[in-house]
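Remarks on the overall topology
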Amino acid sequence: MAFGPVTMADEEPPGWEFQLTPYLWLPTIGGDLNYELPPGGGGAPSIDVGPTDWLDLLNGALLINGEMRKGRFSIFTDFVYLGLESDDDRVRSVQIGNVIPVDIEVNLATKTDFDGMSWTLAAGYTVQETTTSFVDVIAGFRYFGADISTSWNLSTDITGPGDGVVLPAQGRISQDADLWDGIVGVRGRLGIGDGKWSVPYYVDVGTGSSDLTWQAITGLTYSYDWGDLMLVFRHLEYDEGPDGLLEGFSFSGPAFGARFRF
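Given the structure is predicted, the values throughout are model-derived calculations rather than measurements.

Here we come to the side chain of R234. Along the polypeptide, R234 turns up in strand β15 (residues 227-239). Residue classification places R234 among the buried positions, given a relative accessible area of 2%. Within the local environment of R234, its side chain forms a polar contact with the side chain of D78, the two groups lying 2.9 Å apart. Polar side-chain contacts of R234 include one of 2.6 Å to the side chain of Q215.

Okay, here's the thing in structure tokens:
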């Protein structure tokens, strides 16, 4: 979320400069979770949460970005924590052991809890700079951790041949993921007019624990003597492939905040 140099191109800063950016992000969160609901049943829960759901579903959030810069070199970090609870999961009808059909849409009430944390740490080098614009190349890593659980509530136990219980009326399963990915990318700012208004941009792509992760940010900022106000659109996506917990999982939506320089 922080976007680089605050000095003119012909000025050499005397030492390290710092920026701190608390912000609010209201993404639409969507994707399939690769665990079976119920276990062995062949169904899978999904999460589809939009900005209008946040007041009802949000359990906790912390979002902050920081940067330190000296000349053309910079180090920045970004931390996001989101805790959500969904009471309206989209769960497909399944079969228990491929034998006993269970119509979940009618008989099963589900709830999915999602706790996710993203931490990015990267270094940048300015390859082009003017009085109002700059371009950095960046390299670093991103950690993403998710703890997801689903509970269900049937009107009765599901029994199989011989009256054995193959699925209790109530139950809960949970999965977690800890993904470490190296990332590379570019970031920068394009000044508009006298430089008070500018267009920030950021793109990274990476791999490691996940098959692919990528992130893109762009929007508008307005500069003051103390710092900047910003309104951007941010998209973050993870794909662990068919064998991972998260498949085509994304966070996408507007973010706004204030960047303080000191």
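Alright, that's what it looks like, and here's the rest.
Moving on, we get to the pairing of β15. As paired strands, strand β14 (residues 212-223) and β15 are joined by twelve bridges and run antiparallel to one another. The partner of I217 across the bridge, within β15, is R234. Alignment of β15 against strand β16 (residues 246-261), held across twelve bridges, turns out to be antiparallel. What sits directly across from F233, in β16, is P254. Between β15 and β16, which pair antiparallel one after the other, the connecting turn spans six residues, and G241 there sits at a positive phi close to 85 degrees.

As a further point, take a negative patch on the surface. A surface patch of negative charge is lined by D115, D147, D176 and D178. Along the chain, the position of D115 falls in strand β8 (residues 109-129). Using a relative accessible area of 31% as the deciding quantity, one classes D115 as partly exposed.

This part covers the environment of R187. Mapped onto the fold, R187 is located in strand β12 (residues 170-192). Relative accessible area serves as the criterion here: at 0%, R187 is assigned to the buried category.

Here we take up the pattern of salt bridges. With the rule as written, the count across this model stands at eight salt bridges. For R69, the salt bridge goes to D136, with nearest N and O atoms at 2.7 Å. Here the residue R69 occupies a position in strand β4 (residues 58-70), and D136 occupies one in strand β9 (residues 134-153), the gap between them amounting to 67 residues. Among the residues examined, R69 registers a relative accessible area of 5% and is labelled buried. Close ionic contact of D204 with R142 constitutes a salt bridge, the shortest N to O distance being 2.8 Å. A residue pair is termed long-range when its members are at least 10 positions apart, and D204 in strand β13 (residues 197-208) and R142 in strand β9 qualify at 62 residues. Comparing D204 with R142 shows no difference in burial state: the two are buried. The network of salt bridges with shared partners includes E67, R69, D136 and R187.

This part is about the nonpolar core. Counting residues in hydrophobic clusters, the biggest one holds 29 residues, and the most contacted among them are W25, I29, F114, F144 and F251. Secondary structure elements with two or more residues in this core: β1 (17-25), β5 (73-86), β8, β9, β12, β15 and β16.

Next up on the list: a nonpolar patch on the surface. On the surface, W16, F18, L20, I64, I75, L121, Y224, W226, L229, F260 and F262 cluster together into a nonpolar patch covering about 980 Å² of accessible area. Here Y224 shows up in the loop between β14 and β15.

Mean pLDDT for the chain: 79, with 70% of residues reaching 70 or above. For the stretch residues 6-10, pLDDT sits under 50, and the model shows ten contacts to residues farther than four places along the chain or on other chains. With pLDDT under 50 throughout, residues 89-107 is counted as low confidence; its partners more than four residues away or in other chains account for 53 contacts.

Parameters at a glance
- Residues numbered from 1 in each chain as written.
- Predicted model: local features only at pLDDT ≥ 70, side-chain atom pairs only at ≥ 80, totals over all residues.
- Heavy atoms only, no water.
- Helix = DSSP H or I, 4+ residues; strand = E, 2+ residues; numbered from the N terminus.
- Buried < 20%, exposed > 50% of the residue type's maximum accessible area, 1.4 Å probe, protein only.
- Polar contact = N/O pair within 3.5 Å; in protein donor to acceptor, adjacent residues only side chain to side chain.
- Pairing = 2+ DSSP bridges.
- Patch = residues over 30% accessible without salt bridge, like charges linked within 9 Å, V, L, I, M, F, W, Y side chains within 5 Å.
- Areas by Shrake-Rupley, 256 points an atom, 1.4 Å probe, with all protein chains shown as cover.
- Salt bridge = Lys/Arg side-chain N within 4 Å of Asp/Glu carboxyl O.
- Lys, Arg positive; Asp, Glu negative; His and termini not counted.
- Charge placed at Lys NZ, Arg CZ, Asp CG, Glu CD.
- Core = buried A, V, L, I, M, F, W, Y, C linked by side-chain atoms within 4.5 Å.
- pLDDT = per-residue confidence, 0-100.
- Contact = heavy atoms within 4.5 Å.

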